[in-house]
Structure formats: structure tokens, C-alpha cells
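Here's the letter readout for the chains.
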Amino acid sequence: MKDGSAYLNDNAQRIVQDMIHDAERLRVSVSKGPLGECLIDAGAKAQGSVEAGLRMAEAAMGGLGVITTNLDQGSDKWPLHVEVRSSQPVLACLASQYAGWNLSSGEYFAMGSGPVRALARVEPLFSTLAYRETANASVIILETAKPPPESVVEKVAKATSLAPEKLTFIYAPTQSIAGAVQIVSRVLEVALHKANDLKFPLDNIIDGVATAPIPAPHPDFLTAMGRTNDAIIYGGVAQLFVRGTAKDAQALADKLPSSASRDHGRPFADIFKHFKGDFYAIDPLLFSPAQVLVTAIETGDTFRSGGRDFAMLEKSLG
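All of these numbers come straight from a predicted model, not from anything done at the bench. (Residues numbered from 1 in each chain as written. Predicted model: local features only at pLDDT ≥ 70, side-chain atom pairs only at ≥ 80, totals over all residues. Heavy atoms only, no water.)

A.B. asks: Teacher, can you tell me more about the packing of helix H4 (residues 89-97) against helix H8 (residues 187-197) here?
C.D. replies: Relative placement of two packed helices is described by the angle separating their axes and the distance separating the axes. In contact at an axis separation of 9 Å, H4 and H8 are set at 90° when each is read in the N-to-C sense. With respect to their mutual orientation, H4 and H8 come out roughly perpendicular. Contacts between H4 and H8 involve Pro89, Val90, Cys93, Leu94 and Gln97 from the first element and Leu188, Glu189, Leu192, His193 and Asn196 from the second. Here the residues of the contact of H4 with H8 sort into six nonpolar, three polar and one charged. (Axes fitted to C-alpha atoms, helices over the stretch in contact; angles between N-to-C directions. Helix = DSSP H or I, 4+ residues; strand = E, 2+ residues; numbered from the N terminus. Parallel < 35°, antiparallel > 145°, perpendicular 65-115°, else oblique. Contact = heavy atoms within 4.5 Å. Nonpolar A, V, L, I, M, F, W, Y, C, P; charged D, E, K, R; others polar.)

A.B. asks: Hey, could you run me through helix H1 (residues 7-21) in this one?
C.D. replies: Owing to its 3.6 residues per turn, the α-helix aligns residues three or four sequence positions apart on the same side. Relative to the 21 Å expected for 15 residues at 1.5 Å per residue, H1 spans 22 Å between its end C-alpha atoms, a close match to the ideal helical length. When we look at burial in H1, the residues that qualify are Leu8, Asn9, Asn11, Ala12, Gln13, Ile15, Val16 and Met19. (Expected span 1.5 Å × (residues − 1). Buried < 20%, exposed > 50% of the residue type's maximum accessible area, 1.4 Å probe, protein only.)

A.B. asks: Got a minute to help me understand the pattern of salt bridges in this structure?
C.D. replies: Within this structure, the stated rule accounts for 10 salt bridges. Here Glu83 and Arg85 are joined by a salt bridge, their closest N and O atoms 3.0 Å apart. Arg85 sits in the partly exposed class, given a relative accessible area of 34%. Bridged by salt links that share partners, the residues Asp22, Arg25, Glu51 and Arg55 form one connected network. (Salt bridge = Lys/Arg side-chain N within 4 Å of Asp/Glu carboxyl O.)

A.B. asks: Please clarify how the packing of helix H9 (residues 221-233) against helix H12 (residues 310-317) should be interpreted in this entry.
C.D. replies: Packing of H9 against H12 brings their axes to within 9 Å, and their N-to-C directions diverge by 165°. One element, H9, and the other, H12, form an angle in the roughly antiparallel class. Classified by chirality, the crossing of H12 by H9 is left-handed. Residue-level contacts link Gly226, Arg227, Asp230 and Ala231 of H9 to Leu313, Ser316 and Leu317 of H12. Partitioning the contact of H9 with H12 into residue classes produces three nonpolar, two polar and two charged. (Left-handed = near helix turned anticlockwise from the far one by under 90°.)

A.B. asks: Looking at this structure, I do not really get helix H3 (residues 50-60). What am I missing?
C.D. replies: Taken across its 11 residues, H3 has eight buried, putting it largely inside the fold. Looking at H3, one finds that the buried residues are Ala52, Gly53, Leu54, Arg55, Met56, Ala57, Ala59 and Ala60. Residue Gly62 follows H3 closely and has a positive phi angle near 60°.

A.B. asks: Sorry if this is basic, but what is going on with the side chain of Arg117 here?
C.D. replies: Secondary-structure assignment places Arg117 in helix H5 (residues 116-120). By relative accessible area, which is 0% here, Arg117 ends up buried. When sequence neighbours within four positions are dropped, the list of residues in contact with Arg117 reads Leu94, Ala95, Ser96, Gln97, Tyr98, Gly100, Trp101, Gly112, Glu123, Leu125 and Phe126.

A.B. asks: Help me understand the side chain of Arg227, please; the structure alone is not making it clear to me.
C.D. replies: With respect to the helices and strands, Arg227 occurs in helix H9. If we skip the residues at most four places from it in the chain, Arg227 touches Pro215, Ala216, Pro217, His218, Ser316 and Leu317.

A.B. asks: So what exactly am I meant to see when it comes to the pairing of strand E7 (residues 138-142) here?
C.D. replies: For a regular strand, the rule is simple: side chains alternate between the two faces of the sheet. Here E7 lies mainly inside the structure; five of its five residues are buried. Burial along E7 is two-sided: the face carrying Ser138, Ile140 and Leu142 and the face carrying Val139 and Ile141 are both buried. When E7 meets strand E8 (residues 167-171), the two strands line up parallel, connected through five bridges. Its bridge partner lying in E8, Leu142 is registered against Tyr171. Tracing the backbone out of E7, into helix H6 (residues 150-160) and back to the parallel element E8 gives a crossover that is right-handed. (Pairing = 2+ DSSP bridges. Right-handed = clockwise from strand over helix to strand, strands pointing away.)

A.B. asks: What is the right way to look at the environment of Glu154 in this model?
C.D. replies: Locating Glu154 in the fold gives a position in helix H6. For Glu154 and Pro164, which are 10 residues apart along the polypeptide, the C-alpha to C-alpha distance reads 7.1 Å.

A.B. asks: For this particular structure, what's the right way to read the packing of aromatic side chains?
C.D. replies: The relative placement of two aromatic rings is captured by the distance of their centres and the angle of their planes. All chains considered together, the criterion is met by five aromatic pairs. When the ring of Phe279 is compared with that of Phe287, the centres are 6.3 Å apart and the planes differ by 40°; the resulting orientation is tilted. (Phe/Tyr/Trp six-rings, centres within 6.5 Å; stacked < 30°, edge-to-face > 60°.)

A.B. asks: I'm lost on unusual backbone geometry in this one. Help?
C.D. replies: If a residue is not glycine, its phi is most likely negative; likewise, a peptide bond is most likely trans. A positive phi is found at Arg27, a non-glycine position, where the angle reads about 60°. The exposure class of Arg27 is partly exposed, given its relative accessible area of 43%. Of note, Lys276 is a non-glycine position whose phi angle comes to about 55°, a positive value. Within the secondary structure, Lys276 is located in the loop between helix H11 (268-274) and strand E11 (291-296).

A.B. asks: Quick question: what am I supposed to make of the sheet that holds strand E1 (residues 29-32) here?
C.D. replies: For sheets, the rule is that strands pair by backbone hydrogen bonds, running either parallel or antiparallel. Spatially, E1-E2-E8-E7-E6-E5 is the arrangement adopted by the six strands of the open sheet, whose pairing is mixed. A strand with exactly one partner marks an edge of an open sheet, and here the two such strands are E1 and strand E5 (101-102). Summarising the sheet, E5 and strand E6 (residues 111-113) pair through two bridges and their orientation is antiparallel. By the bridge assignment, Trp101 is partnered in E6 with Gly112. Sheet contacts for H1: E1, strand E2 (38-41), E7 and E8; angle to E7, the most-contacted strand, approximately 70°.

Shown next as C-alpha cells:
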């Protein structure tokens with residue numbers, strides 16, 4: 001992966017400008033924070049929308065993903081699906097979309113995602129990703145109901161060497177429409193992240209597409225979080241196109257679905273309660289799509305593993 005001058009960040013900045021221009025239609029609110037940072041509320045006090053969630057997800061992917069909705073006629077109870085495609089899946093998903101930057105401060109908890117991560121490069125993941133870039137402005141996506149406090153804005157500014165007024169924070173809670181959409185839009189990202197955990201060479205992943213049902217939002221945080229995770233774990237489908245041998249592609253396909261995890265088989269909210277709210281105690285291999293296809297482009301073979309669990313979706317999504 002080559003360095004870029006401001007590839008991800010420039011793309012995201014254009015998406016931000018469109019969100020600001022379309023704020024009324026998207027039902028988002030735009031304001032300035034105390035340090036001059038741009039704040040886009042996509043689902044906290046603002047109503048938000050499905051389209052706002054799609055824009056959030058596109059910004060999170062640094063503009064390197066095509067994200068749409070469709071009606072899956074095979075899913076009677078949850079026909080509305082999000083579909084994510086990227087011809088640069090490693091950059092889009094791992095260098096940008098993955099929520100890997102802990103931006104908590106005091107009682108404020110948030111994990112940061114978006115192209116800002118490629119500037120800060122403070123996470124262990126970037127020891128694997130050689131990609132880096134510089135930019136004049138950046139975008140941060142937060143899964144939270146509150147705008148970032150000054151301490152978080154200052155932390156991001158320091159890590160990126162950007163003035164606060166050059167930073168845009170887009171935020172929405174899991175309980176909102178936009179929040180649910182942007183979280184489920186990570187269905188391709190979790191497949192990439194798990195492939196990296198399985199030590200599959202990232203340079204060999206050249207294209208990807210994934211889909212998952214969009215659950216109805218719920219006012220209770222734990223229920224909403226459970227629904228968005230279960231939509232991927234029990235309802236997500238991903239296809240990766242990879243270089244290399246058919247044997248390596250098959251090995252990846254065998255291990256990639258969520259069913260390969262020891263914690264598979266219960267609603268995510270129940271798993272979360274079982275581990276007393278400790279995300280890090282949950283088997284990380286659980287966070288992946290229910291069904292995967294891995295296509296070895298040099299041999300023409302496609303390997304399939306896992307499957308959607310409609311009974312579990314009905315139990316979780318209601």
C-alpha cells in the first residue's frame with residue numbers, strides 16, 4: 001500500500017461538505033464547538049435518517065466504499081439491507097472505518113473511526129498497515145450521544161497536528177436510525193479485521209462486498225447494541241476476492257464466519273451481559289459476518305462457509 005497525500009481525508013471532507021449542504025434534508029444539525037471544531041449531530045438531539053447513516057459510513061470509509069440500501073425479498077421480517085462495496089477494502093475498512101481509536105475522557109466514552117486514524121496512527125494496527133497520509137483537515141466518526149469534550153478535541157488535534165477548526169466530528173448514538181445504519185455498514189470491515197487477526201496477507205485482499213439487515217432502532221442502549229451486532233453476526237454475508245492459492249482461500253473461508261467463534265449461538269446482548277459488559281472478554285473472532293465467500297481470482301475457485309441464522313435474528317431483532 002502506497003502513501004497518499006490526503007486520499008482518505010480529502011474524500012471524507014467532500015462527504016462532510018455535502019452533509020452540511022444537505023443538513024435539512026438529512027435531518028442532521030451542524031454547529032461549531034468551543035474550540036472551533038465542526039460538529040455534525042446525526043442522531044443525538046437531531047432526528048437523523050437512514051441517508052445520514054449512509055453518509056456517516058461513507059465518511060468513515062474515507063470515500064472508498066459504495067454504500068447503498070436494498071430490499072431483500074428473501075427476508076420477510078427484515079427486508080431492508082445495507083450493501084457495502086469497496087475496490088480498496090484494506091484502506092477503506094482497516095485504515096479508516098475500523099473504530100480502533102480510544103477517545104474516552106473521564107466519564108465520556110467513545111471509540112473513534114474514520115480517516116483521522118490514518119493521520120494519528122496511534123493504534124497497534126498501524127504497525128501492520130504501512131499506509132500513511134497527511135492532510136489539511138480531517139473527519140472523526142463517533143458512536144455516542146454527546147459531542148466530544150474539549151479534552152478529546154485537543155487529543156485529536158495534538159495527534160494529527162491539526163488545529164481544532166480543521167476537525168469535523170460526526171456523531172450518533174447506537175439507538176438512533178443513523179447510528180444503527182452506520183454500525184451495520186461495518187459488515188465488510190469486520191470481515192477484513194478478522195482476516196487480519198487470522199494472519200491472512202492483507203495485500204492479497206483486492207476487493208470486497210458485504211450485506212446485512214438494518215435492524216429497527218431501540219431506545220435501550222444494550223438492546224440497540226445487541227441488534228446491530230447480531231445483524232452482522234447472524235445475518236451478514238460477505239464476499240472477498242483474494243490473490244494466492246486456492247488452499248489459502250479455502251483456509252480463510254473456513255475460519256472467517258462468526259460461527260467459528262466459541263461465543264457464537266446466543267444473542268449478543270446476552271453474551272455482553274454474561275461477560276459483565278467487558279467487550280475484551282468476548283471472543284474477538286465472533287465479530288464477523290454469518291456467511292462468507294472467498295474467491296481465489298487466480299484459480300477461479302470460490303469457497304463458502306457459514307450461513308445466516310434467521311431464528312437468531314428473529315430472537316434478537318424482534
